[in-house]
Amino acid sequence: MRRRALAAGAVAAATALVFSTAPAVQAGPPPAPPSRATMEATRGFDMLHPSRHPVVLRDAPRRLNVTYTHKGRKRTLEQFLATTGTQGFVVLDAARGQEVVFERYSLADRDTRFQSWSVAKSFTSAAVGVALGEGAIDSIADPVTKYLPELAGSGFDGVSIRDLLRMSSGIAWNEYFDVPPVHVAASLGSPLPAMAKLRKRAWKPGSRFEYTSMNSFVLAWLVSRTTGVPYHRYVEQKLWQPAGMEATVQLGNDSNGNSMGYCCYYATDRDYARFGLLYLRGGRADGRQVVPESWVRESTRPSASFNKDYGLHWWVGENGDFMATGLAGQHIYVSPKREVVIVKSTLATIIGEDETEAAFRAVAAEVARTRASSRPGVPRS
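Throughout, residues of each chain are indexed from 1 in the direction in which the sequence is written. With the structure being a predicted model, the display of local features is reserved for residues of pLDDT at least 70 and the display and counting of side-chain atom pairs for 80 or more, all residues being used for whole-chain, interface and lining totals. Side-chain metrics in this entry use all non-hydrogen atoms of the structure; hydrogen atoms and water are not considered.

You'll find the chain entered in an unreviewed UniProt entry as Serine hydrolase, with Actinomadura vinacea given as the organism.

Below is the structure:
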């Protein structure tokens, strides 16, 4: 899996403004609002409400002796967590009753809402898959302008939904330099649709890979337009609640009611783990099909010959594992082979990111190795 992150300087410029009103982590649940309407009117955010019947995760702590080799040096899990400044780390063994076998927080706790950054892109992909399954979208081979005619004449004109999903739209974009001003402008109230319309064509769509957050916004806009339901509400009704999420989550918008789609879910690590579990189980949660199984398969395998590391808004590995990845160390890692989900959250750390996959695979292997000798967990209170 090959991952991309913004240049540290550009990130600092963006976060300095954005986080003046939105911290990277939120300790504990948001204060209870006087009314649902008041909460949903909060500038820059929408609220997603949890399921009435959350997917139960069982506490079953297990000693994991994790070691791996990186650049010829032996490393341990403790070293990895320290080096990467990890604030939240959850390991879920899905093979035997959804057991949380390892959980660690630093300057945070189980109720902390961590900023997803681009992990949100995988949620947006799931929303597209659900809309496709329901018939709101006819085919991802369709040009996006079939549903969003406002983009006619822009760089998105005639670009297929598939090419948006596999980051091959062809628009002029540099993730390092274009995201910070767009993100700051959106956070301060500039409408994202207007900014999308200004994008120009730079190369032939479907010919190469270029990681582009604006693609993900257009997909969120597409979901809203085709379903007739605001993106955040569609995610709440079709994904967040049916998938059995336990806590509320805040979702960033451009203050004009347009969900960003490319970033900015504020959720607990356990709910991120539930999302990974949903995909590990082929889109099912507690026996209910939430995301079409065919979509889960298609989105978590290589989507193009020009990039075998990327599916449809998911990073994919050679051994069947896949990962949702966000800026500076946010990850949801899924190993179908080992039946393990790993969630990692940080404030803003890039050091050590190059060893993330090796560390995750070593953790998954150790969970599988210790599975037979450990006792089943018990439901948490």
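Continuing now.
S.K.: For this particular structure, what's the right way to read the overall build of the chain?
M.R.: Secondary structure elements follow DSSP: runs of H or I no shorter than four residues count as helices, runs of E no shorter than two count as strands, and numbering proceeds from the N terminus. Within the chain, the secondary structure is distributed over 12 helices and 17 strands. To sort residues, take the accessible area from a 1.4 Å probe on protein chains only and compare it with the maximum for the residue type: under 20% means buried, over 50% means exposed, and anything in between is partly exposed. The 381 residues of the chain split such that 58% are buried. Relative to all contacts within the chain whose residues are 6 or more apart in sequence, the contacts with residues 24 or more apart total 72%. If you sum the accessible surface of the chain, you get close to 15,000 Å²; carbon and sulfur atoms cover 52% of it. Should any heavy atoms of two residues lie within 4.5 Å, those residues are counted as being in contact. Residue-level accessible areas treat just the shown protein chains as cover; the underlying method is Shrake-Rupley with a 1.4 Å probe.

S.K.: I'm lost on the pattern of salt bridges in this one. Help?
M.R.: Opposite charge on two side chains allows them to pair when their charged atoms are near. Between Lys or Arg on one side and Asp or Glu on the other, a salt bridge is scored when a side-chain nitrogen of the former is within 4 Å of a carboxyl oxygen of the latter. Under the defined criterion, the tally for this structure stands at 26 salt bridges. In this structure, D59 engages R110 in a salt bridge whose closest nitrogen and oxygen atoms are separated by 3.5 Å. Of the two residues, D59 is situated in strand β3 (residues 58–59) and R110 in the loop between β7 (99–105) and β8 (113–115); the sequence distance between them amounts to 51 residues. For D59, a relative accessible area of 26% corresponds to the partly exposed category. Using a relative accessible area of 33% as the deciding quantity, one classes R110 as partly exposed. Two residues, R75 and E355, come together in a salt bridge whose shortest N-O distance is 3.0 Å.

S.K.: Mind showing me how you'd approach the environment of A136 here?
M.R.: Structurally, the position occupied by A136 is in the loop between α4 (120–133) and α5 (161–165). Assessed through its relative accessible area of 22%, A136 is described here as partly exposed. Setting aside residues up to four positions removed in sequence, A136 forms contacts with A131, Y147, T226 and T227.

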